[in-house]
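Listed below, chain by chain, are the residues.
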Amino acid sequence: MSEGRGQWGSRLSFVLAAAGSAVGLGNMWKFPYITGMNGGGAFVLIYLVCILLVGLPIMIGEVLLGRMSQSSVVGTFPKLAGGPTPWAGVGWLGVATGVVILSYYSVVAGWSLHYVYLALTGGLDLGDAEAFGALFGETYSDPTVNLTYHTLFMLITAVIVVGGIQRGVERASRILMPLLLIMMTALLAYATTLDGFGDALDFVFGFHVESITGEAVLEALGHSFFTLSLGMGAMLTYGSYLSKRDDVIAVSVATTAVDTLVALMACLVLFPITFSAGMEASSGPGLVFINMPLAFDGLPGGHAWSVLFFVLLFFAALSSAISLLEVAAAFLIDERGWSRPKAVGLAAGLVFALGIPSALSGDATTMFGATDWIGERNWFDSFDYLASNWMLPLGGLGIAGFAAWRLGDRARRLSFAAGSAIGGIQGVYLAWLQLLRYVVPVAIVVVMLHALGLLEAVFG
Ligand code: PFF
């Protein structure tokens, strides 16, 4: 947009940063536990189909819109529509979604920091499952722990985002992403030596058809948005720092592939350890914070592995948090003309304040811990429910709708082909456009109808 707008130093920088955004708590914490709860293989297969048919087309659409507009998620729609347009609402929704998600994401990320501290100070030297369960319960419900780490995590995130695109975001991703992949590979190599590896392979890749339910299909679809950072303009904002010469299709495919790889690796690390220790795959959200340190505790050098694992989880959360904050910061910089430090300061301050109720949600004696915010959820769960079930799918619907139906075909076709080896092929373009026009909206509407409870009659 403006002369001084940031740009990526190279195409690899974009892929690293975009993959850093995509790979986060969604891959390392949520994907393994929902895979466990949905019976493994069949769920994984459906998730992969969703990534390919819904996630990838939206990823390409978001990055393309960003590169075309060279502006923030709020500026993109009026700019590409040639004037004020109701589609701008999609941009406002995106900024709001980023603020909402980061406010509670920071609290979970804070737990990973706390567990690094515990691992370093011998606090994970507990011995049995019950003690680890109790430790997680204490962590979750302690206001001091949650507020301290929420503050610390937001400060770290803000300092990196203030650094700007080349100095801050890009440099951080260049270090964090490769480090993450190396650490995961090391853990995976270790996992292959465990007795439970064969069972884990069968669990993750064996096609257990009996476990497919309508519910599992819908959950797999919803998770594909969250895990790829789609539906709120994070990928759009990162795409806006690409130049017209960059290959949008290649970088989108690479980002999607890395995210999917890490999610599968997380399962192949977590399940062998879980099975070898004789624990259940379906134990739920506690899988990372209870089962991992418990499993490590019984191993030689277990504490070092715990430190490694939670540092890894923290890095993954940090590079996602950077992209969540960048959406709001880019909006204030591009649309309001603010300096980067001022924009980041305000956005991070708002997120921090909004996160305080989430940090207190584990304490049932506070008003935020009361389970009557939305349905029977406390504040934290209500925010997650609102963002995952409503805001991201709605944003994704808007982004896909704008790219597929509102953009002029000529400009879209030229931009799709620009800088790409395969973008000029008619069949590739048409396949992408048809997916975005029909498959994506139908899939998203199905997710929303399900959330409203209107599909229960069909799926049971
Ligand atoms: N994709 C991140 C994860 O899997 O943890 C979460 C996320 C980041 C969602 C950025 C949305 C977003 F814009």
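Here is a short report on the structure shown in this document. (Residues numbered from 1 in each chain as written. Predicted model: local features only at pLDDT ≥ 70, side-chain atom pairs only at ≥ 80, totals over all residues. Heavy atoms only, no water.)

When helices and strands are tallied, the protein shows 19 helices and zero strands. Against the compact-globule benchmark of 23 Å for 460 residues, the protein has a radius of gyration of 21 Å, which places it among compact chains. Projecting the C-alpha coordinates of the protein onto the three principal axes gives extents of approximately 65 × 50 × 45 Å. For the protein, the residues scored as buried account for 60% of the 460 residues in total. Counting only contacts in the protein whose residues sit at least 6 apart along the sequence, the fraction spanning at least 24 positions is 80%. (Helix = DSSP H or I, 4+ residues; strand = E, 2+ residues; numbered from the N terminus. Rg over C-alpha atoms; globule rule 2.2 N^0.38 Å. Buried < 20%, exposed > 50% of the residue type's maximum accessible area, 1.4 Å probe, protein only. Contact = heavy atoms within 4.5 Å.)

What follows is about unusual backbone geometry. Phi angles above zero are rare outside glycine, and Gln 70 is one such case at about 50°. Its relative accessible area of 16% is what places Gln 70 among the buried residues.

All right, on to the pattern of salt bridges then. Considering all chains together, one arrives at three salt bridges under this definition. One salt bridge connects Arg 412 with Asp 409, and the closest N-O pair in it is separated by 2.8 Å. Here Asp 409 and Arg 412 lie together in helix α17 (residues 409–417), a separation of three residues that amounts to about one turn. Since its relative accessible area comes to 1%, Arg 412 is described here as buried. Measuring nitrogen to oxygen at the nearest pair gives 3.3 Å for the salt bridge that ties Asp 409 to Arg 413. Of this pair, Asp 409 and Arg 413 are both found in helix α17, four residues apart, which corresponds to roughly one turn of the helix. Taking relative accessible area as the criterion, Asp 409 reaches 32% and is therefore assigned partly exposed. Each of Asp 409, Arg 412 and Arg 413 takes part in a single network of salt bridges with overlapping partners. (Salt bridge = Lys/Arg side-chain N within 4 Å of Asp/Glu carboxyl O.)

To continue, consider helix α14 (residues 302–336). When the terminal C-alpha atoms of α14 are compared, their 50 Å separation across 35 residues agrees well with the 51 Å that a helix rising 1.5 Å per residue should span. At Glu 326, α14 shows its strongest bend, of approximately 30°. The element α14 is extensively covered by neighbouring structure, given that 27 of its 35 residues are classed as buried. Looking one or two residues beyond α14, the residue adopting positive phi is Gly 337, at roughly 70°. (Expected span 1.5 Å × (residues − 1). Bend = angle between axes of the 7 residues up to and from the residue.)

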